[in-house]
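Spelled out from the first residue to the last, the chains are:
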Amino acid sequence: MEYYRSHWVNIDSQRLATYDQMFQWTPKHAFLIKDLRLDEYECAVDYGCGPGWVSLELAKRMGEGSRVVACDINQEFLMLGEKHAADQGLEDRIQWRHVTDDRVPIPDNSADLVLCKNVLGYVDSTDEMLAEFLRVLKPGGTLRMQEIDWDLLVVEPLGSERLSEMLQYAKHAIRDPQIGRNLFGSAKRAGYTNINIEMFPVVDTAGFLVKLTLENFIKYAIDGGYSPEKGKQFLADLHTSLQNNELLIVAPLFMVTGIAPQKTSSI
Ligand SMILES: C[S@@+](CC[C@H](N)C(=O)[O-])C[C@H]1O[C@@H](n2cnc3c(N)ncnc32)[C@H](O)[C@@H]1O
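What comes next is a walk through the structure.

The rules behind the values
- Residues numbered from 1 in each chain as written.
- Predicted model: local features only at pLDDT ≥ 70, side-chain atom pairs only at ≥ 80, totals over all residues.
- Helix = DSSP H or I, 4+ residues; strand = E, 2+ residues; numbered from the N terminus.
- Expected span 1.5 Å × (residues − 1).
- Bend = angle between axes of the 7 residues up to and from the residue.
- Buried ≥ 20, exposed ≤ 12 C-beta atoms within 10 Å, placed from the backbone.
- Contact = placed C-beta atoms within 7 Å.
- Near = placed C-beta within 6 Å.
- Nonpolar A, V, L, I, M, F, W, Y, C, P; charged D, E, K, R; others polar.
- Core = buried A, V, L, I, M, F, W, Y, C linked by C-beta atoms within 7 Å.

### Some points on helix 8 (residues 208-223)
Since the α-helix advances by 3.6 residues per turn, residues separated by three or four positions end up pointing in the same direction.
At step 1: The terminal C-alpha atoms of helix 8 lie 23 Å apart, and with 16 residues this matches the ideal 22 Å at 1.5 Å per residue to within 8%.
At step 2: A maximum bend of about 40° is found in helix 8 at Leu 214.
At step 3: Of the positions making up helix 8, those classed as buried are Leu 209, Leu 214, Phe 217, Ile 218, Tyr 220 and Ala 221.
At step 4: Buried residues along helix 8 sit against helix 6 (160-170), strand 7 (193-204), helix 9 (228-243) and strand 8 (248-259).
At step 5: In the segment just after helix 8, Gly 225 is the residue with positive phi, at about 110°.

### Regarding the site of the ligand
At step 1: In the region of the ligand, 20 residues are neighbours, and Trp 8, Phe 23, Gly 48, Gly 50 and Tyr 122 sit closest.
At step 2: By residue class, the composition of the shell around the ligand is 12 nonpolar, 4 polar and 4 charged.

### Focus on the nonpolar core
At step 1: By size, the foremost hydrophobic cluster in this structure holds 48 residues, and its most contacted members are Ala 44, Val 45, Val 114 and Phe 133.
At step 2: Apart from the residues within four sequence positions on either side, Val 45 is in contact with Val 69, Cys 71, Val 104, Ile 106, Ala 111, Leu 113, Val 114, Leu 115 and Val 136.

Written out as structure tokens, the structure reads:
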């Protein structure tokens, strides 16, 4: 199995707990559901749902009798999601589905919405995944995707040369590091209509992306042959910059929304 896939399937308990915390929904995530008519939907898919925080927010806003199908490659995430849903009384509204083959386990033309946040950089083929989303979407249904573009990441004052050297070694952990900018073209090729692209830069001077993202990337880089000493120094310099109030991280998020067209009959 490719590393970009296996590192999501095998997650130790400490990393699992960190992800559970770091993926939590905050009001800053509201852009993800803007302009969606969630109260009118019968079925929404959260593909690559992780511990389910986005699935819970969809379920809370969807009407009586609706369902969210939350899919992930990691079974422990699904168990965490199920627990969070029970804690919030949402267990009847969310179906947790383990997926292993980049397929959405629901029939054709059955979803009003497919939401996919920070996942497409890890699937085997973005184009095939978008075709699969098109299969399950009702005509007129909405696909919303959000991804970072790793090659546009800014980490100052460490500088772009040092960052790109480290990221180069970590790239085996992401199939497509430029997935952010590639979403638009993929949605076009797959045949979605009314495609809308927006960018939401995350600007971090408080260092929350050090824990959330860069620590993981340093680990992936070391797994990929980056020298452990360099990794240690990179992390130490991030912390020093933070202490000196000099740290600036900018993570550009791309959000692309498309509409499933009417399907023509093959008969
Ligand atoms: C960065 S996390 C994002 C989690 C969640 N979407 C969020 O933003 O809170 C990526 C998620 O995608 C899942 N994932 C990775 N590859 C996948 C695949 N091929 N099919 C389904 N899920 C996958 C991982 O297990 C993980 O939960």
